[in-house]
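The chain contents come next:
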Amino acid sequence: MASPAETRKFEQFAYEITDVDGVPHMALIAEKLKTMKHRQLRQDDILLCTFPKSGTHWAWEILNMIVAGKAEYTKHWQNSAWLEYRTEEELEALTSPRVLHTHLLPRQLPESVWKLGCKIVFVQRNPKDCAVSCFSQVISQVWKDEEGMETVCFTGSWDDYLSCYQDGYIPYGLIFDYIRDWWKTAEQYNICQVHYKDMKQDCVNEIRRMAEYLDRPLPEKTYVEIAEACSFSNLKHANEKLKDQTYHFQWEPGTSGYFRKGKTGDWKNFFTVAQSEKFEKIYEARLNEPFPY
Ligand code: A3P
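This is a predicted model, so every value here is computed, not measured.

Cut-off values and rules
- Residues numbered from 1 in each chain as written.
- Predicted model: local features only at pLDDT ≥ 70, side-chain atom pairs only at ≥ 80, totals over all residues.
- Heavy atoms only, no water.
- Salt bridge = Lys/Arg side-chain N within 4 Å of Asp/Glu carboxyl O.
- Buried < 20%, exposed > 50% of the residue type's maximum accessible area, 1.4 Å probe, protein only.
- Near = heavy atom within 4 Å.
- Polar contact = N/O pair within 3.5 Å; in protein donor to acceptor, adjacent residues only side chain to side chain.
- Areas by Shrake-Rupley, 256 points an atom, 1.4 Å probe, with all protein chains shown as cover.
- 1 Å grid on protein atoms, 1.4 Å probe; cavity = no way out; pocket = protein on both sides within 12 Å on 5 of 7 lines; lining within 4 Å.
- Sits in = over half its atoms within 2 Å of the grid points.
- Helix = DSSP H or I, 4+ residues; strand = E, 2+ residues; numbered from the N terminus.
- Expected span 1.5 Å × (residues − 1).
- Contact = heavy atoms within 4.5 Å.
- Pairing = 2+ DSSP bridges.
- Axes fitted to C-alpha atoms, helices over the stretch in contact; angles between N-to-C directions.
- Phe/Tyr/Trp six-rings, centres within 6.5 Å; stacked < 30°, edge-to-face > 60°.
- Lys NZ or Arg CZ within 6 Å of the ring centre and 35° of its normal.

Trainee: Looking at this model, I keep getting lost on the pattern of salt bridges. Mind explaining?
Mentor: Where charged atoms from two side chains of opposite charge approach closely, those side chains can pair. Evaluated as defined, the whole model comprises 20 salt bridges. We note a salt bridge from Arg260 to Asp266, for which the minimum N-O separation is 2.8 Å. Under the relative-accessibility criterion, Arg260 is labelled partly exposed at 22%. You can call Asp266 buried: its relative accessible area is 6%.

Trainee: It is not clear to me how the site of the ligand should be interpreted in this structure. Could you clarify?
Mentor: Near the ligand lie 17 residues; those nearest to it are Thr56, His57, Ser133, Tyr196 and Lys261. Contact distances for the ligand include 2.7 Å between an oxygen atom and a side-chain N or O atom of Arg260. Here an oxygen atom of the ligand sits 2.7 Å away from a polar atom, N or O, in the main chain of Gly262. Bound to the protein, the ligand loses 97% of the 570 Å² it would expose on its own. Mapping the ligand onto the cavity grids shows that it belongs to the largest pocket.

Trainee: Looking at this structure, I do not really get helix α3 (residues 56-68). What am I missing?
Mentor: Residues spaced three or four apart along an α-helix point in a common direction, a consequence of the helix completing one turn every 3.6 residues. Along its 13 residues, α3 runs 18 Å from first to last C-alpha, staying within 8% of the 18 Å computed at 1.5 Å per residue. In terms of burial, α3 is a largely internal element, twelve of the 13 residues being buried. Residues of α3 that are buried: Thr56, His57, Trp58, Ala59, Trp60, Glu61, Ile62, Leu63, Asn64, Met65, Ile66 and Val67. Of the residues trailing α3, Gly69 is marked for its positive phi of about 80 degrees.

Trainee: In this structure, what is going on with the environment of Asn79? I would like to understand it.
Mentor: Note on placement: Asn79 falls in the loop between α3 and α4 (88-92). Sequence separation of Asn79 and Asp44 is 35 residues, and the distance between their C-alpha atoms is 20 Å. The contact partners of Asn79, leaving out residues within four places of it in the chain, are Arg86, His101, Tyr247, Phe249 and Tyr258. In terms of polar contacts, Asn79 uses its side chain to reach the side chain of Gln78, at 3.2 Å. Side chain to side chain, Asn79 and Tyr258 meet in a polar contact 3.4 Å long.

Trainee: I tried to follow the sheet that holds strand β3 (residues 46-50) on my own but got confused; where do I start?
Mentor: For sheets, the rule is that strands pair by backbone hydrogen bonds, running either parallel or antiparallel. The parallel open sheet is built from four strands, whose spatial order is β4-β3-β5-β8. Both outer strands of the open sheet, β4 (99-102) and β8 (191-195), are each paired with one neighbouring strand and no more. Taking the axes of each pair of neighbouring strands and ignoring which way they run, one obtains an average angle of 20 degrees across the sheet. Alignment of β3 against strand β5 (residues 119-124), held across five bridges, turns out to be parallel. Considered in β5, the bridge of Leu48 is made with Val121. Sheet strands touched by α3: β3, β4 and β5. Its angle to β3, the strand with the most contacts, is close to 165 degrees. The strands touched by helix α8 (residues 175-188) are β3, β4, β5 and β8; relative to β5, the strand with the most contacts, the crossing angle is about 140 degrees.

Trainee: I would appreciate a short explanation of the packing of aromatic side chains in the present structure.
Mentor: To describe a pair of aromatic rings, one takes the distance between the centres and the angle between the planes. Taken as a whole, this structure holds 34 aromatic pairs when the rule is applied. Centre to centre, the rings of Phe122 and Tyr178 are 6.1 Å apart; their planes meet at 50 degrees, and the pair counts as tilted. Linking Phe122 in strand β5 with Tyr178 in helix α8, this pair joins segments that are 56 residues apart in sequence. The pair Phe122 / Tyr178 is uniform in exposure class, with both members buried. Measuring from centroid to centroid gives 5.5 Å for Phe135 and Trp158, while their planes differ by 65 degrees, and the two rings are edge-to-face. Separated by 23 residues along the polypeptide, Phe135 in helix α6 (residues 127-138) and Trp158 in helix α7 (residues 158-167) bring together distant segments of the chain. Residue class for Phe135 comes out buried when judged on its relative accessible area of 7%. The residue whose ring lies beneath Lys119 is Tyr213, and the NZ or CZ to ring-centre distance is 4.9 Å. Between Arg125 and the ring centre of Tyr196, over which it is positioned, the NZ or CZ distance is 4.0 Å.

Now the structure itself:
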């Protein structure tokens, strides 16, 4: 049971948020998280690890195309393979090799990931752009409560949201701690680290790097075809118009959905100078290095 002070932290969120092992999470996945460490994965599972809004849909589609060996879209939205959100039965029904995605910290993952040596692709993005993208999502995505009442996921302003974000009072906690923990893990475990800005700059090169890491190299022509199929406009069209919509969430009419702008640097349209400076200071204190963007 959360204390009154803890409840206030999350009061502008439509859903209940609870602490699991020191990290805030949506209460609806708390039960699954309790048994997550004992989940049995498959040796050929590929884990796509990202903090929310880092380009997960984009990388997930690319990884599936690499596995398929061709630029063919998956039938379902990425949420169909969300490790901490789907049931074990739903994930069990997926054919190998599965591309599972997760926003969990390394220490929250199933122990079988490390024992089996599953491949891990870690995608990161400028945390300021992640914050803006996340805010844009939570003010447009529809949340249905147990009585069927619909509201947007977050009812506060940008200033309110940024304050929660940089204090780590959002589902999955503080982005800086997430990055720090994954960097530490990458010192001991062979992880393919990818950056959103590099995917924007030279997607073919990043696809090639991912394919080689997965020991699934493809002809150069296929990398180009995958990059083209996964361009912002093509992937948006495929998800919104071509795919089965079973695993898609509901958004407010007229909002842009998961595929919003697809750019680097949109943070400049949201952050004030003072907000940007404070954000960088927190980054620097948590990661012990200058803000790199
Ligand atoms: P914006 O809100 O800044 O537009 P995630 O998939 O982790 O939820 O991340 C969503 C973010 O990735 C959104 O950012 C979305 O537009 C962007 N994105 C999705 N597909 C993309 C693509 N093919 N190219 C560039 N950005 C993409």
